[in-house]
Amino acid sequence: MTTHVLACTTTDSEQSARELAASAIEARLAACAQVEGPITSVYRWQGEVETATEWRVTYKTTAARYPDLQAHLLARHPYDTPELITTPVTGGSDAYLRWLEEQVSSS
């Protein structure tokens, strides 16, 4: 079973991305959030091909904390159907992964 995950979302502005990142860190739902952008996204939405400028936020968290992170993001995200994708972390520095776990613990 995967213990650590990278969770990813995109949003329509740098300010929104920074707010989503900071609020998750403040709530101890992720140990780190990285904001990247602008990026160009091409996708189909409501039957039309769309192109948009977006910012990506990547969160480092645990599989156990991801459901709470997802609920947090869904409650605050400006999109009707935000991208919320996780990727399992299959390896990494033991010290970093311990730090990650400590940051998202509720104690």
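Remember, it's a predicted structure, so these values are computed and weren't measured experimentally.

Draft legend 1. Inspection of the layout of surface pockets at higher detail. Of the volumes computed, that of the largest pocket is approximately 250 Å³. In this structure, the largest pocket is lined by Thr10, Ser41, Tyr43, Arg44, Trp45, Glu54, Tyr79, Asp80, Thr81, Pro82 and Glu83. If you tally residues by element for the lining of the largest pocket, the top one is strand 2 (residues 32–45), at 4 residues. Class assignment for the residues of the lining of the largest pocket results in 4 nonpolar, 3 polar and 4 charged.

Draft legend 2. Structural context of the state of the cysteines. Taken as a whole and assessed by the stated rule, the structure comprises 0 disulfides. Free cysteine cysteine 8: the closest other cysteine sulfur is in cysteine 32, separated by 13 Å.

Draft legend 3. Fine view of helix 1 (residues 14–26). Look at helix 1: 18 Å from first C-alpha to last across 13 residues, which is about the 18 Å you get at 1.5 Å a residue. Within helix 1, the full set of buried residues consists of Ser16, Ala17, Leu20, Ala21, Ser23 and Ala24. Against the buried residues of helix 1 lie strand 1 (4–11), strand 2, strand 3 (48–62) and helix 2 (66–76). Immediately downstream of helix 1, the backbone of arginine 28 shows phi near 60 degrees, a positive value.

Draft legend 4. Structural detail: the pairing of strand 3. In this sheet, strand 3 lies alongside strand 1 in antiparallel orientation, the contact comprising 8 bridges. For leucine 6, the partnering residue across the bridge sits in strand 3 and is lysine 60. In the sheet, strand 2 pairs with strand 3 via 12 bridges, with the strands oriented antiparallel. When the sheet's bridge partners are listed, tyrosine 43 is paired in strand 3 with glutamate 50. Hairpin connection between strand 2 and strand 3: a loop of 2 residues separates the two successive antiparallel strands, and glutamine 46 in this loop has a positive phi of roughly 50 degrees.

Draft legend 5. Fine view of the nonpolar core. One finds Ala7, Val57, Tyr59, Tyr66, Leu69 and Leu73 to be the most contacted residues of the largest nonpolar core, which totals 14 residues. Listing elements by their share of this core, those giving two or more residues are strand 1, helix 1, strand 3 and helix 2. For this core, the element with the most residues is helix 1, which contributes 4 residues. Those residues in contact with valine 57 that sit more than four places away from it in its chain are Ala7, Cys8, Thr9, Ala17, Ala21, Ala33, Gln34 and Val35.

Analysis parameters
Residues numbered from 1 in each chain as written. Predicted model: local features only at pLDDT ≥ 70, side-chain atom pairs only at ≥ 80, totals over all residues. Heavy atoms only, no water. 1 Å grid on protein atoms, 1.4 Å probe; cavity = no way out; pocket = protein on both sides within 12 Å on 5 of 7 lines; lining within 4 Å. Points joined across faces, edges and corners; volume = space filled by probe spheres on them. Helix = DSSP H or I, 4+ residues; strand = E, 2+ residues; numbered from the N terminus. Nonpolar A, V, L, I, M, F, W, Y, C, P; charged D, E, K, R; others polar. Disulfide = S-S within 2.5 Å. Expected span 1.5 Å × (residues − 1). Buried < 20%, exposed > 50% of the residue type's maximum accessible area, 1.4 Å probe, protein only. Contact = heavy atoms within 4.5 Å. Pairing = 2+ DSSP bridges. Core = buried A, V, L, I, M, F, W, Y, C linked by side-chain atoms within 4.5 Å.

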